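Listed below, chain by chain, are the residues.
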Amino acid sequence: MKSPQDLVRFVLPLAVFAAGLLLWEAIVRAYGIQPYVLPSPLLVLKTLVADWPILSQSLGVTLLTTLEGFVAAAVGGVVLALLFNQSKWLEYSLFPYAVVLQVTPVIAIAPLLLIYLQQQTAVIVCAWIVAFFPVLSNTTLGLNSVDRNLAGLFQLYGASKLQTLLFLKLPAALPYILAACALPAGCR
Amino acid sequence: MAEPALSGSDAGSAVRLRGVAKTYDSGVAALGPLDLDVASGEFVSLLGPSGCGKSTALRLIAGLATPSAGTVELSHHGTEQRGSHRIGFVFQEPTLMPWANVRDNVRLPLKLAHAPAADADARIAAALDQVGLADFAGAYPRELSGGMKMRVSLARALVTDPDILLMDEPFAALDEITRFRLNNDLLSLWRNLHKTVIFVTHSVFESVYLSQRVIVMTARPGRIGAEFRITSPEPRGEEFRTSAEYAAFCREVSGALAPSYAGQAGA
């Protein structure tokens, strides 16, 4: 059962959305703005319905690319963080390059990627470069956030590295990983 | 009541520290050198000001840290393997996994040792029963009070049936009534299970109430300043807590503890 509070949370944003559309439509009509400057929402809707076969195809491609980039970044970031956590050598060797990759503007790399890779792959790699770092750094933070005494307890009971990872570090890092996954999802 | 042997020089020595010292990398001398013998089945308290290294001593005994000098010897009756599951450890905080319920938190030591499931379930039920939490096996830590969380922590330490129970100021954060109840429950567990208990505390009253022997430590680096045998007979209860005998022991121990605080600013 929805409480009145829930209903309000649902209805209010919809009301704001409808009001925004009405205002937009009213302004376009009142000032007689040309469609190539600013189309009215009604015209947008009409075009959307008329050209749906072409537009839906493009929408599908965009969504798929987004999803692939997101999955690659999430999986890649978590796996890299796990590897870094298991081996200090690996972390010291590669982490600086992860930072360098992060601060290099993707605009500078994109043309090269387009030359070396197929277009579809290049787009996903671009998405990955932008998005994997927040996942990597947040997951690392989460893996290191383990309660010191709990870690001591695992040591006391002779836990293996794998057991410590599966039963202690990963569950402790999960909130950080999920928070990190929300970041690149919005970066598209 | 079974009265465990009090003499530390018996063959039944459970923990033996010889010249144990701990110096941190920063050069701070935290502990020792410390010589300590704890007899099997004995209840010993380490009493001292905060920062005197008593927790460090406990971590060294547990093998969670390595001494800078000296030796730590543990002798277990039964199997001689240096399997560290012969030790139960209770920290100052309950140190429970927030994502696991009470049963799975208590299961942890058994799971890490790959104990068979049926055997583990029976042990978990027994351990929860011992601490009076049989009805809360499915609850999550956030649903429990501070005292109950500490009971879960105690059950987890007991579930492997360890020979030695190490407790690091376990009840320091609890209110007085809860602490008294847990003190009584711990004493009856100790009487029934015949564990060796090393109990770290900064409370004179708690140490005298619980222990057969109170070891007063000096300020950093912690050494043994004085040692008291609390000869009052078991079982101890609320009458003991209000007895003249108890008060006399507390006065004596407090007097020995005072120099440890003398050097501290503002103490």
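Since this is a predicted model, take the numbers as computed values, not measurements.

Reading guide: rules and limits
Per chain, residue numbering runs from 1 following the sequence as it is written. Chains carry letters and ligands carry numbers; both start at the beginning, A for chains and 1 for ligands, and go up in the order they are written. Local features in this predicted model are restricted to residues whose pLDDT is 70 or higher, and side-chain atom pairs enter the listing and the counts only when it is 80 or higher, whereas totals over whole chains, interfaces and linings include all residues. Heavy atoms from the whole structure form the basis of all side-chain values; hydrogens and water molecules are not counted. The helix and strand labels rest on DSSP assignments: H or I over at least four residues marks a helix, E over at least two residues marks a strand, and numbering proceeds from the N terminus. Both definitions apply: the radius of gyration is a C-alpha atom measure, and the globule rule equals 2.2 Å times residues to the power 0.38. Accessibility here uses a 1.4 Å probe with only protein chains present; expressed as a share of the type maximum, an area under 20% marks a residue as buried, one over 50% as exposed, and anything in between as partly exposed. Pairs of residues are marked as contacts when any of their non-hydrogen atoms sit within 4.5 Å. Working definition of accessibility: Shrake-Rupley area with a 1.4 Å probe, residue cover restricted to the visible protein chains. Charge counting follows a simple rule: Lys and Arg are positive, Asp and Glu are negative, and His as well as the terminal groups are ignored. The atoms used to mark charge sites are NZ of Lys, CZ of Arg, CG of Asp and CD of Glu. When a carboxyl oxygen of Asp or Glu lies within 4 Å of a side-chain nitrogen of Lys or Arg, that pair is called a salt bridge. Strand pairing is assigned whenever DSSP identifies at least 2 bridges connecting the two strands. Between N-to-C directions, angles span 0 to 180 degrees; the directions come from axes that are lines fitted to C-alpha atoms, helices contributing only their stretch in contact. For Phe, Tyr and Trp, where Trp contributes only its six-membered ring, two rings pair if their centres lie within 6.5 Å, and the inter-plane angle classes them as stacked under 30 degrees, edge-to-face over 60, or tilted in between. Charge over a ring is defined by NZ of Lys or CZ of Arg lying within 6 Å of the ring centre and within 35 degrees of the ring normal. Buried area is understood as the total, over both parts, of accessible area removed when two parts are fitted together, assessed with a 1.4 Å probe. Here a polar contact is recorded for every N or O atom pair within 3.5 Å, except that within protein the pair must consist of a potential hydrogen donor and a potential acceptor, and residues adjacent in sequence are included only if both atoms are side-chain atoms. Put simply, Ala, Val, Leu, Ile, Met, Phe, Trp, Tyr, Cys and Pro go in the nonpolar bin, Asp, Glu, Lys and Arg in the charged bin, and everything else, Gly too, in the polar bin. Note that the term roughly parallel is reserved for angles under 35 degrees, roughly antiparallel for angles over 145, roughly perpendicular for angles of 65 to 115, and oblique for everything else. Handedness of a helix crossing follows the sense of rotation of the near helix relative to the far helix, less than a right angle counterclockwise being left-handed and clockwise being right-handed. Given a helix with a known number of residues, its expected span is that number minus one, times 1.5 Å. When we speak of the arc, we mean the arc of directions from the helix axis to the C-beta atoms.

Draft legend 1. Representation of the overall build of chain A in the model. Within chain A, the secondary structure is distributed over eight helices and zero strands. Overall, chain A shows an N-to-C arrangement of helices and strands of α-α-α-α-α-α-α-α. By the compact-globule yardstick of 16 Å for 188 residues, chain A is too spread out, its C-alpha radius of gyration being 24 Å. Each principal axis of the C-alpha distribution contributes one length, and for chain A these read about 75 × 55 × 30 Å. Taking all 188 residues of chain A together, the buried fraction comes to 29%. Sequence separation of 24 or more characterises 64% of the internal contacts of chain A that already satisfy a separation of 6 or more. By element, 74% of the accessible surface of chain A is carried by carbon and sulfur atoms, the whole surface being about 12,300 Å². Of the charged side chains in chain A, 9 are positive and 6 negative; the average position of the first set lies 7 Å away from that of the second.

Draft legend 2. Examining the environment of B:Arg251 more closely. Residue and element names in this part refer to chain B. With respect to the helices and strands, the residue Arg-251 is situated in helix H8 (residues 244-262). Given the relative accessible area of 61%, Arg-251 is considered exposed. When the C-alpha positions of Arg-251 and Met-167 are compared, they lie 24 Å apart, and in sequence the two are 84 residues distant.

Draft legend 3. Just the pattern of salt bridges, in detail. Residue and element names in this part refer to chain B. Tallied over the entire structure, the rule returns 15 salt bridges over all chains. Salt-bridge contacts for Glu-42 lead to Arg-229; the nearest nitrogen and oxygen are separated by 3.9 Å. Of the two residues, Glu-42 is situated in the loop between strand E2 (29-39) and strand E3 (43-47) and Arg-229 in strand E9 (residues 224-229); the sequence distance between them amounts to 187 residues. Given the relative accessible area of 37%, Arg-229 is considered partly exposed. Each of Glu-42, Arg-213, Glu-227 and Arg-229 takes part in salt bridges that share partners, so that together they form one network.

Draft legend 4. The sheet that holds E9(B), seen in detail. Residue and element names in this part refer to chain B. Strand order across the open sheet formed by six strands is E5-E6-E7-E3-E8-E9, with mixed pairing between neighbours. Both outer strands of the open sheet, strand E5 (87-90) and E9, are each paired with one neighbouring strand and no more. When the angles between neighbouring strand axes are averaged without regard to direction, this sheet yields 15 degrees. Examined bridge by bridge, E5 and strand E6 (residues 164-168) share four bridges and lie parallel to one another. Note that in E6 the partner of Val-90 across the bridge is Met-167. Across the sheet, H8 lies against E3, strand E8 (213-217) and E9, angled at about 20 degrees from E8, the strand it touches most.

Draft legend 5. Broad picture of the packing of aromatic side chains. Applying the stated criterion across every chain, the model contains eleven aromatic pairs over all chains. Seen from their ring centres, A:Trp128 and A:Phe132 are 4.3 Å apart, and the 5 degrees between their planes marks the pair as stacked. Pair noted here: A:Trp128 and A:Phe132 are both in helix H6 (residues 119-143), with a separation of four residues, about one helical turn. Put simply, the rings of A:Phe84, A:Phe95, A:Trp128, A:Phe132 and A:Phe133 touch in pairs and so form one group of aromatic residues. It is B:Arg241 that lies over the ring of B:Phe180; its NZ or CZ is 3.6 Å from the centre.

Draft legend 6. Molecular detail of the interface of chain B and chain A. At the junction of the two partners, chain B supplies 23 residues and chain A supplies 17 residues. Summed over both partners, the interface of chain B with chain A comes to about 1,700 Å²; 66% of that surface belongs to carbon and sulfur atoms. The tally of links from chain B across to chain A stands at zero salt bridges. Our enumeration of links across chain B and chain A arrives at three residue pairs in polar contact (both at pLDDT 80 or more). Of all elements in the fold, only helix H1 (54-62), E5, helix H2 (102-112) and helix H4 (146-158) of chain B reach the threshold of two or more residues within the side of chain B that touches chain A. Considering each element in turn, the side of chain B that touches chain A owes the most residues, four residues, to H2(B). By residue class, the composition of the side of chain B that touches chain A is twelve nonpolar, seven polar and four charged.

Draft legend 7. Fine view of the packing of H2(B) against helix H3 (residues 117-130) of chain B. Residues and elements named next belong to chain B. At a minimum axis distance of 10 Å, the contact between H2 and H3 shows a crossing angle of 120 degrees. One finds that H2 runs oblique with respect to H3. H2 and H3 meet at a crossing whose hand is right-handed. In contact with Val-102, Arg-103, Val-106, Arg-107 and Leu-110 of H2, H3 contributes Ala-120, Asp-121, Arg-123, Ile-124, Ala-127 and Leu-128. Of the residues in the contact of H2 with H3, the class split is seven nonpolar, no polar and four charged.

Draft legend 8. Region of interest: H3(B). Residues and elements named next belong to chain B. Here H3 is 14 residues long and its end C-alpha atoms lie 20 Å apart, about the 20 Å a rise of 1.5 Å per residue gives. Taken together, the buried positions of H3 are Ala-120, Ile-124, Ala-127 and Leu-128. Down the axis of H3, the buried set is contained in an arc of 95 degrees. They therefore lie on one face. Relative to its buried face, H3 has exposed residues pointing more than 90 degrees away, namely Ala-118 and Asp-129. Where the residues of H3 are buried, they touch H2 and H4. The first or second residue beyond H3 is Gly-132, which carries a positive phi of 75 degrees.

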